[in-house]
Amino acid sequence: MAIQKVMVIGAGQMGAGIAQVCAQAGFDVLVNDRNEDDLDKGMKNIDKILTRAVEKERITAQSKSDTLNRLTPSSQLKDAESCDLVIEAVVENMDVKRKVFGELDEVAPKHAILASNTSSLPITEIAAATKRADQVIGMHFMNPVPVMKLVEIIRGLQTSDETYGAIETMTTHLSKTPVEVEDFPGFVSNRILMPMINEAIFTLHEGVASREDIDTVMKLGTNHPMGPLTLADFIGLDTCLYIMEVLHDGFGDSKYRPCPLLRNYVKAGWLGKKSGRGFYLYD
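Please read these numbers as outputs of a predicted model, since none were measured by experiment. (Residues numbered from 1 in each chain as written. Predicted model: local features only at pLDDT ≥ 70, side-chain atom pairs only at ≥ 80, totals over all residues. Heavy atoms only, no water.)

### A look at the overall build of the protein
So, step 1. Check the secondary structure of the protein and you find 11 helices and 8 strands.
So, step 2. The C-alpha radius of gyration of the protein comes to 19 Å, within 12% of the 19 Å expected for a compact globule of 283 residues.
So, step 3. Along the three orthogonal principal directions, the C-alpha set of the protein runs to about 55 × 45 × 30 Å.
So, step 4. Burial statistics for the protein: of 283 residues in total, 47% are counted as buried.
So, step 5. Counting contacts in the protein only where the partners sit at least 6 residues apart, residues at least 24 apart contribute 68% of the total.
So, step 6. Looking at the protein as shown, the accessible area adds up to about 13,700 Å², and 51% of this sits on carbon and sulfur atoms.
So, step 7. Of the charged side chains in the protein, 30 are positive and 39 negative, and the gap between their average positions amounts to 3 Å. (Helix = DSSP H or I, 4+ residues; strand = E, 2+ residues; numbered from the N terminus. Rg over C-alpha atoms; globule rule 2.2 N^0.38 Å. Buried < 20%, exposed > 50% of the residue type's maximum accessible area, 1.4 Å probe, protein only. Contact = heavy atoms within 4.5 Å. Areas by Shrake-Rupley, 256 points an atom, 1.4 Å probe, with all protein chains shown as cover. Lys, Arg positive; Asp, Glu negative; His and termini not counted. Charge placed at Lys NZ, Arg CZ, Asp CG, Glu CD.)

Structure (structure tokens):
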């Protein structure tokens, strides 16, 4: 199936990034968010990022203009009726995602593929909210989307080979590297990354070393570009906690138990960079 028109649901950091790379690759894109303020903010962020790319001579002014012309804001889910692919990038909550997919199943064309950018939730369960489980798939982009090359493509139990092939082809067209992943909690990236971050938080919690020294050890000792505590702040501590809970519930293994310090920070509203405070302070 040829994908020409895409809707991205959610105009936050991930959704806006996905919409941007799709438009830059030549697809017509609807950027959808029910919150008008968030939608406006998302569109402005895309413009800001493209402007910076022009200033750094990574793209031309004409390329920026062409990309923006392919983007159309949308506040109604029914706009999906004209799309070949819908990529959901809303909050990481199963009830919310199932509700969105149930509504999409009613309005999207019968041929349309429904994809989720979930970072940890089971695609099979999301697909069960629709009558087209064979056309539901996971497309887990990495953050920041315009920079990171990887996309985990997750097959649900009923995802068809045709659906997988179409998404794999599109991912390559986006200049990303697709990796096929089966439907297990956390997939590959977060199943490995989040326990490492959680262990770094335990190391801080137990007083083994300071936050700065823990990050320095991982940067200089293991060649990580960013320390795990800094990375946790960048991801969002609430997101880290949620993924650890998904892993803990999904596998039933105590090694995935979230650190109490992580829970306390989230309860305090210290969510990382987006809230101004996490393991570090931000302006």
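### Topic: unusual backbone geometry
So, step 1. Proline 144 follows asparagine 143 through a cis peptide bond whose omega is 0°.
So, step 2. Locating proline 144 in the fold gives a position in the loop between strand 6 (136–141) and strand 7 (150–155).
So, step 3. A positive phi is found at glutamate 57, a non-glycine position, where the angle reads about 60°.
So, step 4. Take glutamate 57: it is sitting in the loop between helix 2 (36–55) and helix 3 (61–69).

### Quick look at the pairing of strand 8 (residues 177–182)
Taken residue by residue, a regular strand's side chains alternate between the two faces of the sheet.
So, step 1. As judged from the 6 bridges shared by strand 7 and strand 8, these two strands associate in the parallel manner. Residue pairing in the sheet places isoleucine 153 in a bridge with glutamate 180 of strand 8.
So, step 2. Chirality of the crossover, the property in question, places the unit of strand 7, helix 6 (residues 161–173) and strand 8 among those that are right-handed. (Pairing = 2+ DSSP bridges. Right-handed = clockwise from strand over helix to strand, strands pointing away.)

### Considering the UniProt feature "domain: 3-hydroxyacyl-CoA dehydrogenase NAD binding" (unreviewed entry) in the protein
So, step 1. Residues annotated in UniProt with the feature "domain: 3-hydroxyacyl-CoA dehydrogenase NAD binding" (unreviewed entry) correspond here to residues 5–183.
So, step 2. The distance separating the terminal C-alpha atoms of residues 5–183 is 27 Å; by composition the span is 41% helix and 22% strand. (UniProt positions renumbered as here; feature names shortened; annotations may be inferred.)

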